[in-house]
Amino acid sequence: VYLCFSKCCNCICSLTSNIKLCNCVCYPGTTYYLKQVNLKANSLRVKRGDTVILTCQVDMSSSSDTGLQIKYSFHKKHDLLYNVSSSQKSQRYELASVHVSHSGFYCCVAEVGNKKKKSSDINIKVTGLPKPLLKVHNTEVKEGEDVQMTCTATDGIPPFIFTFYKRPFQKTPSQESNENNKEETVTDKMSSETSFAIDDKDEIVRFTCSFVSLLMYHAGKSPESNVTIVTVIEQLAAPEITVHPSSNVTEGTLLNLTCTTKTAPQFSGNVLLMIEKEKHIISMANNTVYYSTTANLQRAGEYKCVASVGDFQKDSKKKIIVNELFSKPELSAAERINEHNPITLQCTVKSVSQNNISGPVFAIYQNRNLIIKNATVQNQGTYTCKVTIQSITKESAPVNITVYVQLSKTSIFSDKTTDVILGHNATLQCKSEMGSPPVNYTLLRAGEVHSTITVTKAFEQATFTVTVNKTEHYGEYRCTAENRISSSKKYSSSFNFTVIAPITGVTLTMIPVDGVEEGEELILLCIALNASKPITYKWYKGAEQKLLQTKSNSSESHAYLTITTDHQGTYCCSASNRANTMHSAEVNVTVKWASWKKIMSSVVLLLIAIGTILACLYFQKFKKGK
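A quick note: this is a predicted structure, and the numbers were derived from the prediction, not measured. (Residues numbered from 1 in each chain as written. Predicted model: local features only at pLDDT ≥ 70, side-chain atom pairs only at ≥ 80, totals over all residues. Heavy atoms only, no water.)

## Quick notes on the sheet that holds strand β3 (residues 32–41)
Moving on, step 1. In space, the three strands of this open sheet follow the order β3-β5-β8, with antiparallel pairing throughout. Two strands in the sheet have a free side with no partner beyond their single neighbour: β3 and β8 (90–95). Taking each pair of neighbouring strands and ignoring which way they run, the sheet shows an average axis angle of 15°. (Pairing = 2+ DSSP bridges. Helix = DSSP H or I, 4+ residues; strand = E, 2+ residues; numbered from the N terminus. Axes fitted to C-alpha atoms, helices over the stretch in contact; angles between N-to-C directions.)

Written as structure tokens, this is what we have:
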């Protein structure tokens, strides 16, 4: 270990004593200062196959350029690509014939002396993926088989999206862009496999593929791969469907449909044939299938013959036109009829396609009852007309007939009570047992219209709410009812409420008002104000409200209680009827002495005074005599 005492000199050291000391001779040294390191590229976005030139430039200052050596290193992310020492203040590094995997972040590091500095990162993007390689496992397949294939990417970093394309050999623009003829797969490997089913329209098919790197989406989509052609060997001919007598017939004609198919000579086994209409199988058999029916408008449409072997199918179609033999019948009638009036129904057919047909058969239905004389409630409903010509039956559109019934007598009632408290609401119901809705019910009070309610359902009652604010509102109440066929209004009988007036106040009066003497009777008069009878009166004594007496169902607006003077104290009373209960204020009963007691008391006091005076006079006389 050399112990140096100078940092500014190059020292030549010698052994002195037990310590190695530096004998320093000072002369000028070299000092370096790294300001900045920059990395540049000739282009940050290049195409596949181009050359990328990276230039690392150093911005520095030094005390001398003699013996200058700069160490350069080029990096992609954390991987070292190239390093070199140079006396120049810039250094180049070339990436020749780049491909997509060269995309990424690059930087350079410059080091001189004990100084080191790193440049900022630059992002280089390489576009243009190469064609992938497509390998088809079988280039000749039978109808119904699958074609297996593998697509391999030759550049890029997974994961990839591989797209496989299936196109006819002689393509049209619509077939070229058909999105249904492609498959997409996602994988983190360099290759992907898929399969395509061969359908009945395939003869010679072209397959290609392409791919996209999810991590390098800027590289875009690769060109399509090599084209591989697959030949399809036909096993089953398209089925043939025949219609007898014709595919254009008139209603009532007997139709016969036959479906057959042909197979390749090397084919063995049965072919399942099906006749379908609107995706419903109507007949099914092996090798040949038949279907017979009588033509009508519902039988018109497209019929499909399907030949099936395992999961593979071929089909052909035939459109059958059925012309109308006669038009749909029309039923006419008045839709609204009053009860007991006749119902008139008319069924007509406006057009018939043939002249030599047998006579039509007409029938009018309503609950299977064909004879109607006069309208009743039971006759209302839905009517139809059916016409039959040459085994073809057609039904008219339905006609709804409503039979209106006259109103019966109207009744008025209350389903709660006939009593009503003054100031409260009450309800009344009006109803007619018979009559077609809508029915207008009107409530009359004392001959004046109170309100009107319209009910729209059969046997529904009208509910009225009335407010009884005066005693005169007890009645009389009546209902009127009318519907659209009423010749006049139907009136109910009259209805009256019993109006109960609540007690508005209670007073308790003492007679005589100035109190009584001992031995006399006292009357406590309890009065209920503005109240309906009957009224129940009660008298109470003291703060504990001790009940003294009760008078029930009184027909008077007042009642009284007679007490003796022994019952002095505080009193109150209450009055109650069917509406409410109220209490009076308290009164204080005081008892005076009787008159004889007052005279006796005065005489006694007078005698006491006379005796006192005589005693005093006697005492003075006795004192003098002594």
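## Brief notes about the state of the cysteines
Moving on, step 1. Tallied over the entire structure, the rule returns six disulfides.
Moving on, step 2. For C151, the disulfide goes to C209, at an S-S distance of 2.0 Å. What sets the handedness of the C151 and C209 disulfide is the S-S torsion sign, and at about 75° it is right-handed. Here C151 is found in strand β14 (residues 146–152), whereas its partner C209 is found in strand β18 (residues 204–213), with 58 residues between them in sequence.
Moving on, step 3. A relative accessible area of 0% places C209 in the buried class.
Moving on, step 4. Across a sulfur-sulfur distance of 1.4 Å, C430 and C479 are joined as a disulfide pair. Residue C430 is found in strand β37 (residues 425–432), and its partner C479 is found in strand β41 (residues 477–482); the two are separated by 49 residues along the sequence. Take C430 and C479: they sit in the same class, and that class is buried.
Moving on, step 5. There is no disulfide at C107, and the cysteine sulfur nearest it, in C108, is 6.9 Å away. (Disulfide = S-S within 2.5 Å. Buried < 20%, exposed > 50% of the residue type's maximum accessible area, 1.4 Å probe, protein only.)

## Describing the environment of N425
Moving on, step 1. As for its placement among the helices and strands, N425 is situated in strand β37.
Moving on, step 2. The class for N425 is exposed, based on a relative accessible area of 52%.
Moving on, step 3. When the C-alpha positions of N425 and N469 are compared, they lie 8.8 Å apart, and in sequence the two are 44 residues distant.
Moving on, step 4. At 2.6 Å, the side chain of N425 forms a polar contact with the side chain of T467. (Polar contact = N/O pair within 3.5 Å; in protein donor to acceptor, adjacent residues only side chain to side chain.)

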